[in-house]
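Chain by chain, the residues:
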Amino acid sequence: MNLIVSSIGQGLLWALLGLGLYLTFRILDFCDMTVEGTFPLGAATAVTAITNGASPLMATFLAIITGMVAGLITGLLYTKGKIPSLLAGILTMTAIYSVNLRIMGKSNISLLGKPTLFNGALRNLPQYFDSVVLGLIVIAIITTLMVLFLATDYGQAFIATGDNPTMAKSLGIHTDKMVIVGLMVSNGMVGLCGALIAQNNGYADVNMGIGTIVIALASIIIGEVAFGELTLNQRLVAVTLGSIIYRIILLAVLQLGFSANDLNLISSVVLAICMMVPQFEKHLNIRKPILKGVRPHE
């Protein structure tokens, strides 16, 4: 039971990563590799700030700011430097590795004996429930803010930029500005995710960002495959549920005897299978008979 609760808590915390990437990958149609650098950047910033006497809340806020700065750099490289989106993200991600070493002064830092968001007001909760409670609170706030933002005129312009940049420009939308803002918000959320995961794990490591984009994509794809056709707001919730499902799948695989060293391999396999599911449905007509069976008779 504790392992399931832990998986749900981890799924809620990691869902921030999926929601951040959803803004760029699905809405802006921008393949942002910056997240693999922003995640450890948020962790390094938060942990270093805490070890230097900052409050966990302030340290987490600083992680969001540094993440937004990383997104700003990628956005400027893409919009002003005319560097392709994939390469712009890779350049920023590569540079962040050195920045993380500068921030921490070494490859990893422990939070042993230091205050975190998890050992403060949540310290009296049963084991692993701290991550569930904090994860629910943060996800509820972030998802609500995203829904409200996307419902505004500015948010609709943001969506239009991803759907059809040419048409958006013809309507007077500053698409470059939208891309930059989107990357800043997205990477701010990723930095927040890194800060929370680092505080939950009790350390920050310069290499903890490896494979994070696969984890984020898994949350998005699993949510889409599992729940099918949804509205935009429902898709945001599906990303969180996809993240939880993904964590439970990893738990089940590890219980079968696989090594934790195989997690990146397992993650890639799970993501590949989920991305191929629509093709299986198309060729085998799996979903149609299922839906036919549950529809009321006319």
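Residues numbered from 1 in each chain as written. Predicted model: local features only at pLDDT ≥ 70, side-chain atom pairs only at ≥ 80, totals over all residues. Heavy atoms only, no water.

### Things to note about the confidence of the model for the chain
Here is the rule we go by: As a per-residue measure, pLDDT reflects the predictor's confidence and takes values from 0 up to 100. Whether two residues touch is decided by their heavy atoms; if any such pair falls within 4.5 Å, the residues are in contact.
Chain-level pLDDT for the chain is 88 on average; 93% of the residues reach the 70-or-more range. Contacts for the low-pLDDT stretch residues 288-298, under 50 throughout, to residues beyond four places or in other chains number 0 contacts.

### Some thoughts on the packing of helix 3 (residues 56-79) against helix 8 (residues 175-201)
Condition: Helix axes are fitted to C-alpha atoms over the stretch in contact, other axes to C-alpha atoms as well, and angles between N-to-C directions run from 0 to 180 degrees. Counting from the N terminus, the helices are DSSP H or I runs at least four residues long and the strands are E runs at least two residues long. The sense of a crossing depends on the near helix, which, turned anticlockwise from the far helix by less than a right angle, makes the crossing left-handed and, turned clockwise, makes it right-handed. The classification used treats Ala, Val, Leu, Ile, Met, Phe, Trp, Tyr, Cys and Pro as nonpolar, Asp, Glu, Lys and Arg as charged, and all other residues, Gly among them, as polar.
Relative to each other, helix 3 and helix 8 sit at 145°, their axes nearing to 6 Å. The element helix 3 and its partner helix 8 pack so that their crossing is right-handed. Across the contact of helix 3 with helix 8, the residue classes tally to 13 nonpolar, 10 polar and 1 charged.

### Quick notes on helix 9 (residues 212-227)
Residues lying three or four places apart along an α-helix face the same way, a consequence of the helix completing one turn every 3.6 residues. Put simply, the test is: Here the expected span of a helix is defined as 1.5 Å times the quantity of residues minus one.
The end-to-end C-alpha distance of helix 9, which contains 16 residues, comes to 23 Å, matching closely the 22 Å that a straight helix rising 1.5 Å per residue would cover. A positive phi of about 65° marks G228, the residue just after helix 9.

### Considerations on the layout of surface pockets
Unfilled space is identified by rolling a water-sized probe across the atoms. This is how the line gets drawn: Here a cavity denotes a set of grid points, spaced 1 Å apart and computed over the protein atoms alone, in which a 1.4 Å probe fits but from which it cannot get out, and a pocket denotes an open set meeting protein on both sides within 12 Å along at least five of seven lines; residues with an atom within 4 Å of a point are reported as lining. Grid points are joined across faces, edges and corners, and a volume is the space filled by probe spheres set on the points.
Volume-wise, the largest pocket comes out at about 730 Å³. In terms of lining, the largest pocket is formed by 30 residues, of which the most central are Q10, W14, R247, L250 and L263. When residues of the lining of the largest pocket are traced back to their parent elements, those giving at least two are helix 1 (2-27), helix 5 (129-150), helix 8, strand 2 (203-205), helix 9, helix 10 (232-255) and helix 11 (263-284).

### Some thoughts on unusual backbone geometry
Positive phi, close to 55°, is recorded for D29, a residue that is not glycine. Along the polypeptide, D29 turns up in the loop between helix 1 and helix 2 (35-51). Even without glycine at this site, K82 takes up a positive phi of about 60°. Within the element layout of this structure, K82 appears in the loop between helix 3 and helix 4 (85-104).

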